[in-house]
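# Working through the structure, step by step
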Amino acid sequence: MRFTRSLVAALTAPLWLAACGGGGDDPTPSERGQVLASSLAGQATAQQIDAGTQASGLQPLSGPAQCNVDVRYIVYVTRDPQGQPATASAGVLVPSGSAAACSGNRPVVLYAHGTTFTRTKNMAQVSDTDPDPAVDNSDSEAKLVMAMFAAQGYIVVAPNYLGYDRSSLTWHPYLNAEAQALDMIDALRAAKKVLTAESATKPSPHLFITGYSQGGHVAMATHKVIERDYAREFTVTASGPMSGPYNLAKMTTIINSDGTNANVNAGGTLFTPLLLTSYQKSYGNIYSSPSDAYQAPYASTAETLFPTDTPIPTLIAQGKLPADPTFRQLFGPGGLINESFRVAFFSNPNNGFKAAVERNTLLGWTPQRPMALCYGALDPTVFAFNSTDAAADFNSRLPAELQVRAFDLETTSSSTPADLYAAFSLRKQQVAQEAVANGAVDGGMSAVLAKYHGELVPPFCAALIRGFFGTVLMSSL
């Protein structure tokens, strides 16, 4: 669920950007999606984007940029999980230029970002604005999305989510499917208003939804909620969730199963405070006090730990997280979570946490428009069954023409294109070889797994899903 800042860190060369400035079925659509601030935050030329993708090695996946990209920043009104007005922000990446693919009415990609613990997350921050040459404060995920989608002719609307950037909410509704879907929908409403009024490039009726990791869960939830509640306002053309925790109930059951840390996913001690705080503040019945859930000394700070701008190593040094470099030490002596809290997950039929994860599991509905999933079978962070279970569940009810394909980067038997599979395999080999050259004694496998979810899989899945969107788009024209 984590999308690390190191992901494709050198994706693009520094870009020159100007300084940043400043209804459907919903009963009060005039409040939601209201634009509070809008600015043209900067511009990137196709040549600048190409320079970056060539330097990073991404260009074989992204292709040369067809378009320049205008980077817009918006602040809008949405609602928190209690239905109260709240503000959030988004980056809007808009293709521009004289080529046919870069002007006029362009398809929209509504993009949901992966888990971040950094409060200042901003999907409009595609350039390094820090004066210190040793510090890069650009957002690597935003740059990936710009190269993969915006520079290829898609308008990208990328919300920062409630609780991040300039949001009025002090916490984040992490993996709250309904709340995050509404945030996405309101960002789309706001972006369309801004583009209609201010941009030469306009949104076409074609709407694609995708996202990675946490964003995969958000993207799938958004597809579901639009078709259920907002079909008179928006029509999903297709969606492509990537490596998301869709079967959240099964994932948490496996993690909590035996009281050891053997089944804990990589990053578990970071995701868990985000998740428990989200569900406690959303539903109010996860615990009576943080000490019900967390061991000492973590109980005193865990509820307000994330999102934050304090570096993770600093939090560990301050004793606010277990000092475990794999971030798996949830249980046992020195772990994050109380044994009684884990046991109650299984023994109490009215357990609030179990009810919350079941409520936010995204199986049991039926998409009405095309969907494809992408994942890697070796993922130690978001386990592969999330994608295979979701596809199997949907396909048990879908007709043949809408069967959901789950593309596994580890095998061509899932219909993953052979050239993409070969390129992914080669990249894993390069990481392993680099690790062995630096003294790794396990053939470099630990290095591959350390980079797998946050760095290796995302650009390959983005390329695959973009290809899927292109196929659907051509068939709809």
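First, a word on scope: everything that follows refers to the structure included in this document. In this text, all values refer to a predicted model and were calculated from it rather than measured experimentally.

## Things to note about the nonpolar core
Counting residues in hydrophobic clusters, the biggest one holds 90 residues, and the most contacted among them are Met-220, Leu-276, Tyr-279, Tyr-294, Phe-306, Phe-353 and Leu-373. Ranked by residue count, the leading element in this core is helix 4 (residues 177-198), at 10 residues. Apart from residues no more than four positions distant in its own chain, Leu-276 is found in contact with Ile-286, Tyr-287, Ala-293, Tyr-294, Ile-337, Phe-341 and Phe-353. By size, the runner-up hydrophobic cluster in this structure holds 56 residues, among which are Val-75, Val-109, Met-146 and Cys-461.

## Considerations on the pairing of strand 2 (residues 68-79)
When you tally the buried positions in strand 2, you get 11 out of 12 residues, the bulk of the element. The pairing of strand 1 (residues 35-44) with strand 2 spans 8 bridges and is antiparallel. Residue pairing across strands places Val-35 opposite Tyr-76, the latter belonging to strand 2. Sheet analysis places strand 2 next to strand 3 (residues 85-96), joined by 12 bridges and oriented antiparallel. Each residue of the ladder has a partner; that of Val-77, found in strand 3, is Thr-87. The antiparallel hairpin formed by strand 2 and strand 3 contains 5 residues in its connecting segment, where Gly-83 sits at a positive phi of about 85°.

## What about the packing of aromatic side chains?
Counted under the stated rule, the structure contains 16 aromatic pairs. Ring centres of Phe-149 and Tyr-154 lie 5.9 Å apart, and the angle between their planes is 80°; on these two criteria the pair is classed as edge-to-face. Using a relative accessible area of 1% as the deciding quantity, one classes Phe-149 as buried. Sitting above the plane of the Phe-385 ring, Lys-250 keeps its charged end 4.5 Å from the centroid.

## Concerning unusual backbone geometry
A cis amide bond links Ala-296 to the next residue, Pro-297, at an omega of 5°. Within the secondary structure, Pro-297 sits in the loop between helix 8 (290-293) and helix 9 (312-317). Its identity is not glycine, yet Tyr-161 carries a phi of approximately 85°, on the positive side. Mapped onto the secondary structure, Tyr-161 falls in the loop between strand 5 (155-159) and helix 4. Note on Tyr-161: relative accessible area 0%, which makes it buried. The backbone of Ser-213 shows a phi angle near 65°, a positive value even though the residue is not glycine. Secondary-structure assignment places Ser-213 in the loop between strand 6 (202-212) and helix 5 (214-229).

Rules used throughout
- Residues numbered from 1 in each chain as written.
- Predicted model: local features only at pLDDT ≥ 70, side-chain atom pairs only at ≥ 80, totals over all residues.
- Heavy atoms only, no water.
- Core = buried A, V, L, I, M, F, W, Y, C linked by side-chain atoms within 4.5 Å.
- Buried < 20%, exposed > 50% of the residue type's maximum accessible area, 1.4 Å probe, protein only.
- Helix = DSSP H or I, 4+ residues; strand = E, 2+ residues; numbered from the N terminus.
- Contact = heavy atoms within 4.5 Å.
- Pairing = 2+ DSSP bridges.
- Phe/Tyr/Trp six-rings, centres within 6.5 Å; stacked < 30°, edge-to-face > 60°.
- Lys NZ or Arg CZ within 6 Å of the ring centre and 35° of its normal.

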